[in-house]
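Results of the structural survey
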Amino acid sequence: MSGIDPVILLAQLMVVATPILLAAIGELVVERAGVLNLGVEGMMITGAVCGFAVGVATGSPLLGFAGAALGGALVSMIFGLLTQVLLSNQVATGLALTLFGLGLSALIGQGYVGLRGPVVPDLYLPLLRDIPVLGPMLFRHDAVVYLGLGLVVAVWWLLTRTRAGLILRAVGENHDAAHALGYHVVRVRLMAIAFGGACAGLGGAYLSLARVPQWTEGMTAGAGWIALAIVVFASWRPGRLVIGAYLFGGITVLQLNLQAAGVRVPVEYLQMSPYLATILVLVLLRAGRAPGSLGKTFHAAQ
Amino acid sequence: MQRRTMLKSAAAGAVLAGIATVAAAQDDVPKVGFIYVGPVGDLGWSYQHDQGRQQLQEHFGDEIETVYIENVPEGPDAERVLTQLALQGADLIFATSFGFMEATNNVAQQFPDVKFEHATGYMTSDNLSVYGSRFYEGRAVEGLIAGELTESNIIGYIGSYPIPEVIRGINSSFLHAQKVNPDVEMRIVWAYSWFDPAAEAEAAQALIDAGADVVLQHTDSTAPQAAAQAAGDVYTFGQASDMSDYAPMPRVTSIIDEWGDYYIERTQALIDGTWETSDTWGGIDSGMVGIGEMTDAIPQDVRDEAQDLIDRIASGEYHPFTGPINKADGTQWLAEGEVATDEQLLSMDFYVEGIEAAIPD
């Protein structure tokens, strides 16, 4: 086990988990509003290419991430329009959105293959970064890592401590009752879907702008599906979402580090371990209940 | 991943539809087709094959027509794409990835009048040739430089798939690193892809975290170069193409695949009617394996040493796999002074002594 430094491992884990965490926190809000959007992968990859394109064009990572959020939100509005206004089936539309996003991103990205994007700098946190052990582990990351955690806290606060969160949850638990109380179900859900799209877009852009950093077709490589699974694992609760994302990220990093350290474990087992561990914990810990109206179509006249 | 495959087929179909119209316009000149496993913009393997195609087109001008299809998945899709190319009148088709082997062989049987060439494979027939490069010669040079440069004595290696081609590269670089630095260790991470920038970046990062200060890659993207650049004092080598965007640091030199001359030679044979099944395995001497410019990040004496190795390999005076060499399990592979045969090299499925790792099945 020589050569595995737990401090570096934990620092890497935060970075690897960030794209999944961002996409998952968006999807959590969408599902708490009673909408099942399986298009996370498509929105992520759209965000990845939009973020990279804007980043290259402007030279600013900040604008790149803004473009990614906008791109993700726009493409999610296709899903919103189809499922909320035209009342299409959410599962089928979500899957279609994933296929559409993969194709659209490949088309947009054709001129960006092989280019280099702007550098995303690490956030300079004086004093904190110099704390032994904790400094390099927690306080030497780029701003997006903290944005992801900040969003989780904000969503938790919004859902549990504000009136807006109460309305959102009411819409998700029982859309007929929420409608009878005079809340605008479709409007709430469209806003949630747009938020989910923006978050997925940010997650995708974190890959193309910070993690890799370059544009490649299909570069999200299933991260959106992992995010979807983690929302279920987390029982639709923001706190558990962080555990799930960090667990998956942690084991992903650990298996690469074990390979790099020359541990004689068959690579195939190492490669499947993140998925196995996540499924296992998902099965053992699953205690929550899905929002009552999740995935159901709402029409005011029915 | 099936979703990606579906998507790529759709994209390939769209590209094919575009080609069809061009083909109808000029049907009388010989047509040479290429299929690539990655995007031409990968700046690695597929990019370099496309550079070869462009040299070919430039050489012959209007006398020939070239077409290419990028991002072709290995497996059944490749067969479909190859069939399409043959049906649309291609006279010579280059299939440029190891994983296209079965597909190329099948399609070659269905179209006996079309000539096929498969890169890095070993199946031949009346109308199917194979060609490849002795990349292990370049790997020897990289290994020597890596052994001299490393201070942690840990060299990282990002593998794609555990096939003889890749294992040969690992062994060649390790042997030559060990020659100049007996304490050197090799750490290997498998990405299980030829081209997956996120996985390659993470693999490079894991190796760097494990203490590697030189990282070699047998994958096609520049993501490991970017990871090394971000880490600082880590050396890398350009793979397949020069990757000179990352020079002088981290990229200190590169192995460049030079396919252009081969493509010109084979197309000329097609035009002359002298095309025959062949098995070409070119090295530094034939120019198929190019070594990129060595940057100032390598000390002058090491550059001289590396140049000397290049010259000796090119002249045939030295073969990178010359005994005594033992296998990792301690048994003898090559006796003192014995040189590996091409058959031995092509079927290599073991690490040499000193590499502490197991090859995945």
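Each chain carries its own residue numbering, running from 1 in the written order of its sequence. A letter from A marks each chain and a number from 1 marks each ligand, given out in the order of writing. Owing to the predicted nature of the model, reporting of local features is limited to residues with pLDDT of at least 70; listing and counting of side-chain atom pairs is limited to 80 or more, with chain, interface and lining totals taken over all residues. Note that the side-chain values use all heavy atoms of the structure and ignore hydrogens as well as water.

**Quick word on the interface of chain A and chain B**
Only heavy atoms matter for contacts: two residues are in contact if any of them lie within 4.5 Å across the pair. The partner chain B presents 38 residues to the 35 residues of chain A that form the contact. Across the interface of chain A and chain B, roughly 3,100 Å² is buried in total on both sides, 55% from carbon and sulfur atoms. The partner of arginine 211 of chain A in a salt bridge is glutamate 202 of chain B, and the shortest N-O contact between them spans 3.7 Å. Helix and strand definitions follow DSSP, with helices as H or I runs of at least four residues and strands as E runs of at least two, each counted in order from the N terminus. Contributions of two or more residues to the side of chain A that touches chain B are made by helix H1 (6-32), helix H4 (90-108), helix H11 (238-260) and helix H12 (267-285) of chain A. It is H11 of chain A that provides the largest number of residues to the side of chain A that touches chain B, a total of five residues. Polar here means any residue other than Ala, Val, Leu, Ile, Met, Phe, Trp, Tyr, Cys and Pro, which are nonpolar, and Asp, Glu, Lys and Arg, which are charged; Gly is therefore polar. The residue makeup of the side of chain A that touches chain B, split by class, is 14 nonpolar, 15 polar and six charged. Accessible surface is computed with a 1.4 Å probe, and the buried area is the amount of it that two parts give up when combined, taken over both parts together. When a carboxyl oxygen of Asp or Glu lies within 4 Å of a side-chain nitrogen of Lys or Arg, that pair is called a salt bridge.

**A closer look at the domain arrangement of chain B**
Residues and elements named next belong to chain B. Start and end points for every domain follow an automatic or database-based domain assignment. As far as domains go, chain B holds domain 1 (31-134 + 259-282) and domain 2 (136-257 + 288-347). Listed as interface residues are 20 residues of domain 1 and, on the opposing side, 22 residues of domain 2. Across the interface of domain 1 and domain 2, roughly 1,700 Å² is buried in total on both sides, 63% from carbon and sulfur atoms. Of all residues in domain 1, Gln48, Arg134 and Trp281 give up the largest surface area on contact with domain 2, accounting jointly for 36% of the area buried on that side. For the pair domain 1 and domain 2, the number of links is one salt bridge. Measuring nitrogen to oxygen at the nearest pair gives 2.9 Å for the salt bridge that ties arginine 134 to aspartate 342. Any N or O atom pair separated by 3.5 Å or less is treated as a polar contact, with the protein-specific requirement of one donor-capable and one acceptor-capable atom, and with residues adjacent in sequence counted only for side-chain atom pairs. Joining domain 1 to domain 2, the criterion identifies four residue pairs in polar contact (both at pLDDT 80 or more). Elements with a contribution of two residues or more to the side of domain 1 that touches domain 2: helix H2 (45-60), strand E5 (128-133) and strand E11 (279-282).

**Details of the sheet that holds strand E10 (residues 251-257) of chain B**
All names here are of chain B. Taken in spatial order, the six strands of this open sheet run E7-E6-E8-E9-E10-E12, and their pairing is mixed. Only two strands of the sheet have a single neighbouring strand rather than two, namely strand E7 (185-190) and strand E12 (289-291). Mean inter-strand twist for the sheet, computed between neighbouring axes without regard to direction, equals 20°. The sheet contacts of helix H7 (residues 197-209) involve strand E6 (154-159), E7 and strand E8 (214-217), and relative to E6 the element is tilted by about 160°. When DSSP finds two or more bridges between a pair of strands, those strands are recorded as paired. Fitted lines through C-alpha atoms serve as axes, helices being fitted only where they are in contact, and the angles separating the N-to-C directions of these axes extend from 0 to 180 degrees.

**Details of the packing of helix H2 (residues 40-58) of chain A against H4 of chain A**
The relative placement of two packed helices is expressed as an angle between their axes plus a distance between the axes. Residues and elements named next belong to chain A. Where H2 meets H4, the axes come as close as 6 Å, and the angle between the chain directions of the two elements is 15°. The angle between H2 and H4 falls in the class roughly parallel. When the axes of H2 and H4 are compared, the crossing they make is left-handed. Across from Val40, Glu41, Gly42, Met43, Ile45, Thr46 and Val49 in H2, the residues of H4 making contact are Leu97, Thr98, Gly101, Leu102, Leu104, Ser105 and Ile108. Among the residues making up the contact of H2 with H4, the classes are represented as eight nonpolar, five polar and one charged. Here is the rule for angles: anything less than 35 degrees is roughly parallel, anything more than 145 is roughly antiparallel, 65 through 115 is roughly perpendicular, and the remaining ranges are oblique. Crossing chirality is assigned from the near helix's rotation relative to the far helix, an anticlockwise turn below a right angle marking it left-handed and a clockwise turn marking it right-handed.

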